[in-house]
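# Structural characterization, general
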Amino acid sequence: MEKLREPLNDLVGGQCALPLALEAMGERWSFMILRAAFNGVHHFEEFQHELNIARNILSNRLSRLVDHGIMAREVMAEDRRKVRYELTEKGLELLPAMIALRQWGEKWGAGVPSTPVLVDVRDEQPIGRVTITAHDGRALGYKELLWKHRSELQPLGQARVRADARVDPVAAE
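Please read all numbers here as calculations on a predicted model, not as lab measurements.

Criteria and thresholds
Going along each chain's sequence as written, the residues are numbered from 1 onward. Given that the model is predicted, a residue must reach a pLDDT of at least 70 before its local features are reported, and side-chain atom pairs must reach 80 or more before they are shown or counted; all residues, however, enter totals for whole chains, interfaces and linings. To obtain the side-chain values, all non-hydrogen atoms of the structure were used and water was disregarded. Planes of paired rings set the category: under 30 degrees apart is stacked, over 60 is edge-to-face and the rest tilted, where pairs are Phe, Tyr or Trp rings (Trp by its six-membered ring) whose centres lie within 6.5 Å. Starting at the N terminus, helices and strands are each numbered in turn, a helix being any DSSP run of H or I of at least four residues and a strand any DSSP run of E of at least two. Relative accessibility thresholds used throughout: buried, under 20% of the residue-type maximum; exposed, over 50%; partly exposed, between the two (1.4 Å probe, protein chains only). For a ring to carry a charge above it, either NZ of a lysine or CZ of an arginine must fall within 6 Å of the ring centroid while also lying within 35 degrees of the normal to the ring plane. We call a set of buried Ala, Val, Leu, Ile, Met, Phe, Trp, Tyr and Cys residues a nonpolar core when their side-chain atoms join them within 4.5 Å. Residues are treated as being in contact if the distance between any of their heavy atoms lies within 4.5 Å. A residue's bend is simply the angle between two axes: one fitted to the seven residues ending at it, one to the seven starting at it. Every residue carries a pLDDT, the predictor's confidence in it, which falls somewhere between 0 and 100. Salt bridges are identified by distance alone: a Lys or Arg side-chain nitrogen within 4 Å of an Asp or Glu carboxyl oxygen. Directions drawn from the helix axis to the C-beta atoms are what define this arc. Axes here mean lines fitted to C-alpha atoms, for a helix over just the part in contact, with angles spanning 0 to 180 degrees between N-to-C directions. Throughout this description, any angle smaller than 35 degrees is read as roughly parallel, any larger than 145 degrees as roughly antiparallel, any in the 65 to 115 degree range as roughly perpendicular, and the remainder as oblique. Residues are grouped as follows: Ala, Val, Leu, Ile, Met, Phe, Trp, Tyr, Cys and Pro are nonpolar; Asp, Glu, Lys and Arg are charged; every other residue, Gly included, is polar.

All chains considered together, the criterion is met by one aromatic pair. Relative to Y85, the ring of F47 lies with its centre 6.4 Å away and its plane at 75°, an arrangement referred to as edge-to-face. Here the residue F47 occupies a position in helix α3 (residues 44–51), and Y85 occupies one in strand β2 (residues 83–87), the gap between them amounting to 38 residues. Taking the relative accessible area as the measure of exposure, F47 reaches 0% and is therefore buried. Between the NZ or CZ atom of R28 and the centre of the ring of W29, over which it lies, the distance is 4.8 Å.

In this structure, I33, F47, L51, L58, L62, I70 and M71 are the most contacted members of the largest nonpolar core, which totals 21 residues. In terms of residue count, the dominant contributor to this core is helix α2 (residues 28–38) (five residues). Sequence-distant contacts of L58, that is, excluding residues within four places in its chain, are made with I33, F44, F47, Q48 and I53.

Here we come to helix α6 (residues 95–110). Within an α-helix, residues lying three or four positions from one another point in the same direction, as the helix has 3.6 residues per turn. Its axis deflected by about 25° at W104, α6 carries its strongest bend there. The secondary structure elements touched by the buried residues of α6 are α2. Looking one or two residues beyond α6, the residue adopting positive phi is G111, at roughly 80°.

It is worth spelling out the confidence of the model for the protein chain at this point. Per-residue confidence for the protein chain gives a mean pLDDT of 85; residues scoring 70 or more make up 84%. The weakest mean pLDDT in the protein chain belongs to helix α8 (residues 169–172) at 48; the strongest belongs to helix α5 (residues 89–92) at 97. This stretch, residues 167–173, has a pLDDT under 50; its non-local contacts, to residues over four places away or in other chains, come to one contact.

What the rule picks out here adds up to six salt bridges. We note a salt bridge from E86 to R84, for which the minimum N-O separation is 3.0 Å. A relative accessible area of 33% places E86 in the partly exposed class. Accessibility expressed as a relative area gives 25% for R84, which makes it partly exposed. Residue R102 is joined to E106 by a salt bridge in which the shortest nitrogen-to-oxygen separation is 3.6 Å. Note that R102 and E106 are positioned in helix α6 at a spacing of four residues, about one turn of the helix.

With that out of the way, let us pick up α3. Residues of α3 that are buried: F44, F47 and L51. The buried side chains of α3 occupy one side of the element, clustering within an arc of 65° when seen end-on. Opposite the buried face of α3, by more than 90 degrees, sit the exposed residues H49 and E50. Packing partners of the buried residues in α3 comprise α2, α4 (55–67), β1 (71–75) and β2. Just downstream of α3 lies N52, where phi reads positive at about 55°.

On to the packing of α2 against α6, then. Taken N-terminus to C-terminus, the directions of α2 and α6 make an angle of 110°; their axes are 11 Å apart at the nearest point. Considering their axes alone, α2 and α6 lie roughly perpendicular with respect to each other. Between α2, through F31, L34, R35 and F38, and α6, the contact on the second element is made entirely by L95, M98 and L101. Among the residues making up the contact of α2 with α6, the classes are represented as six nonpolar, no polar and one charged.

Here's what the structure looks like:
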């Protein structure tokens, strides 16, 4: 039986969500805007000042993030000329991906740990590395992964029994 792979020619996201995610995020400026939003920046002028980004590029990227539901745009009641941008629940769920990219950059790009350091509120200790985990929390490496069609998934325990049933009991003695 041939090994199952992702549909690598699916560039529009018909069966794989990665192209859709990349379309929503766009490119570097979208990530920089998200980083600023995660750091408490909310207004157009603040984004422009903090990122030193051209107004037309910032406007385009903010519109794209709003269109994709990653950020929400709210006109301020006290000053209708002022707009507030806020991360949505969908946007907040990008945090692990952002942290994983930052940690990868620390290891393979800059070669030095970033500062400031992201810590958890309770212990004020640096967060752990973002990892791929199994259903039971075990950290998994690349060689411990394989693709399966969703229709082939079995309830926990049944897949293991099925794999064990392939072992010849006479040869095992």
